[in-house]
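Spelled out, the chains give:
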Amino acid sequence: STPNIVLNVNGIEVIYNHVILVLKGVSLNVPQGKIAAVLGGNGAGKTTTLRAISNLLKAERGEVTKGSIELRGERIENLTPADLVNRGVVQVMEGRHCFAHLTIEENLLTGSYTRKDKGEIAANLEKVYNYFPRLKTRRTSQAAYTSGGEQQMCAIGRALMTNPSVMLLDEPSMGLAPQIVEEVFEIVKDLNTKEKVTFLLAEQNTNMALRYADYGYIMESGRIVMDGAAEDLRNNEDVKEFYLGMG
Ligand code: ATP
């Protein structure tokens, strides 16, 4: 039987500034409870794909001009990012975007702005600290003075505070030492297994992503040029030659 599809992106085109065609018909599916990865080099269109799904293109003067995006069979192109968070879809942006002047804990609490129940917020915070013990020890530190890895964890932790069912994770490995990348991916896997969070991640680090993802989509110049089960991609000669050295 085919698994339930949570996210379905069907033939989308994205244009920036009314003229620059960046996505040239991208289609992908993210099955319930899985980790899917969008892979490829700099400028391939990975970030644009994630931003199209979470409706964050407007700030970049981008728009979806063709195709459709569905969440569990429902069109979502006209929902705001906040609507999407309420429906369980949250994006962790590239470059982490923690508030530098806030403490780690204050940053995490910004993720619970949609909720009022103090007990629930406290329970969520405990859940985040349970997955990210490093954040607990750094809870009173200003984000600006924490490491890149801790800031990435903080960004994921903040997204986790919204109780997501789907997390869009843009380039979690960026700028991190290999050992820290591994630590972050282990936590992603844990959240996937234990919290049943479905992931769509964008990664230049093909090697690492294919070790943790179930399925991969390889992008080049705004198109998906290859896709398959992570294991098949890892063993594919073209993938080995052109992508596995990256990241
Ligand atoms: P990276 O890893 O560098 O983020 P990416 O695969 O995520 O790469 P995108 O950021 O989606 O790629 O960029 C795809 C293409 O769109 C690039 O050619 C980029 O220059 C272009 N682009 C991105 N943002 C804009 C923008 N706001 N206006 C015009 N062009 C843009």
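All of the points below concern the structure found in this document. Everything numeric here is computed off the predicted structure, so don't read it as measured data.

1. Some thoughts on the pairing of strand β3 (residues 35-39)
Burial analysis of β3 places 5 of its 5 residues in the buried class, the great majority of the element. Side-chain alternation along β3 places I35, A37 and L39 on one buried face and A36 and V38 on a second face that is also buried. Here 5 bridges tie β3 to strand β8 (residues 198-203), and the two strands are oriented parallel to one another. Bridging across to β8, I35 finds its partner in F199.

2. Considering the sheet that holds strand β5 (residues 74-75)
Strand order in the open sheet made by the 4 strands is β2-β1-β4-β5, with antiparallel pairing throughout. Of all strands in the sheet, those with a lone pairing partner are β2 (20-31) and β5, marking the two edges. Here strand β1 (residues 5-16) runs beside strand β4 (residues 62-71); their pairing, made up of 8 bridges, is antiparallel. Residue pairing in the sheet places E13 in a bridge with K66 of β4. Along the sheet, helix α1 (residues 46-53) makes contact with β1, β2 and β4, crossing β1 at roughly 115°.

3. Describing the pattern of salt bridges
Evaluated as defined, the whole model comprises 13 salt bridges. One salt bridge in this structure joins E195 and K127, with 3.8 Å as the shortest N-O distance. Residue E195 is located in the loop between α7 (178-194) and β8, and its partner K127 is located in helix α4 (residues 118-131); the two are separated by 68 residues in the primary sequence. Judged by relative accessible area, which is 19%, K127 ranks as buried. As a salt-bridge pair, E150 and R138 come within 3.2 Å of each other at their nearest N and O atoms. In this pair, E150 is assigned in helix α6 (residues 148-160) and R138 in the loop between α5 (133-137) and α6, connecting sequence segments 12 residues apart. Using a relative accessible area of 8% as the deciding quantity, one classes E150 as buried. Of the residues examined, R138 reaches a relative accessible area of 24% and is grouped as partly exposed. By sharing partners, the salt bridges in this structure join R134, R138, E150 and E183 into a single network.

4. Remarks on the site of the ligand
Looking at the ligand, there are 16 residues lining it, with N42, G43, G45, T47 and T48 nearest. Take G43: an N or O atom from its main chain is 2.8 Å from an oxygen atom of the ligand. At 2.5 Å, a side-chain N or O of T48 approaches an oxygen atom of the ligand. In isolation the ligand exposes 630 Å². Once the protein is present, 69% of that is buried. Taken together, the elements giving at least two residues each to the shell around the ligand come down to β2 and α1. In terms of residue count, the dominant contributor to the shell around the ligand is α1 (3 residues).

5. With respect to the nonpolar core
Nonpolar side chains in soluble globular proteins tend to be buried together. In this structure, L108, F132, L135, I156, M167, F199 and L201 are the most contacted members of the largest nonpolar core, which totals 48 residues. Ignoring anything within four residues of it in the chain, the contact list for L135 reads I104, L108, V128, Y129, E150, M153 and C154. Counting residues in hydrophobic clusters, the runner-up holds 30 residues, among them Y16, L28, L50 and L200.

6. As for α7
Here α7 is 17 residues long and its end C-alpha atoms lie 24 Å apart, about the 24 Å a rise of 1.5 Å per residue gives. Every buried residue of α7 is listed here: I180, V181, V184, F185, I187, V188, L191 and N192. All buried residues of α7 fall inside an arc of 155° around its axis, so they share one side. In α7, the exposed positions angled more than 90 degrees off the buried face are occupied by P178, Q179 and K194. Just beyond α7, the residue with positive phi is K196, at close to 60°.

7. A word on the sheet that holds strand β9 (residues 215-220)
The mixed open sheet is built from 6 strands, whose spatial order is β6-β7-β8-β3-β9-β10. The sheet is open, and its two borders are formed by β6 (89-92) and β10 (223-229), each paired with just one other strand. Taking each pair of neighbouring strands and ignoring which way they run, the sheet shows an average axis angle of 15°.

Quick notes on the rules
- Residues numbered from 1 in each chain as written.
- Predicted model: local features only at pLDDT ≥ 70, side-chain atom pairs only at ≥ 80, totals over all residues.
- Heavy atoms only, no water.
- Buried < 20%, exposed > 50% of the residue type's maximum accessible area, 1.4 Å probe, protein only.
- Helix = DSSP H or I, 4+ residues; strand = E, 2+ residues; numbered from the N terminus.
- Pairing = 2+ DSSP bridges.
- Contact = heavy atoms within 4.5 Å.
- Axes fitted to C-alpha atoms, helices over the stretch in contact; angles between N-to-C directions.
- Salt bridge = Lys/Arg side-chain N within 4 Å of Asp/Glu carboxyl O.
- Near = heavy atom within 4 Å.
- Polar contact = N/O pair within 3.5 Å; in protein donor to acceptor, adjacent residues only side chain to side chain.
- Areas by Shrake-Rupley, 256 points an atom, 1.4 Å probe, with all protein chains shown as cover.
- Core = buried A, V, L, I, M, F, W, Y, C linked by side-chain atoms within 4.5 Å.
- Expected span 1.5 Å × (residues − 1).
- Arc of directions from axis to C-beta.

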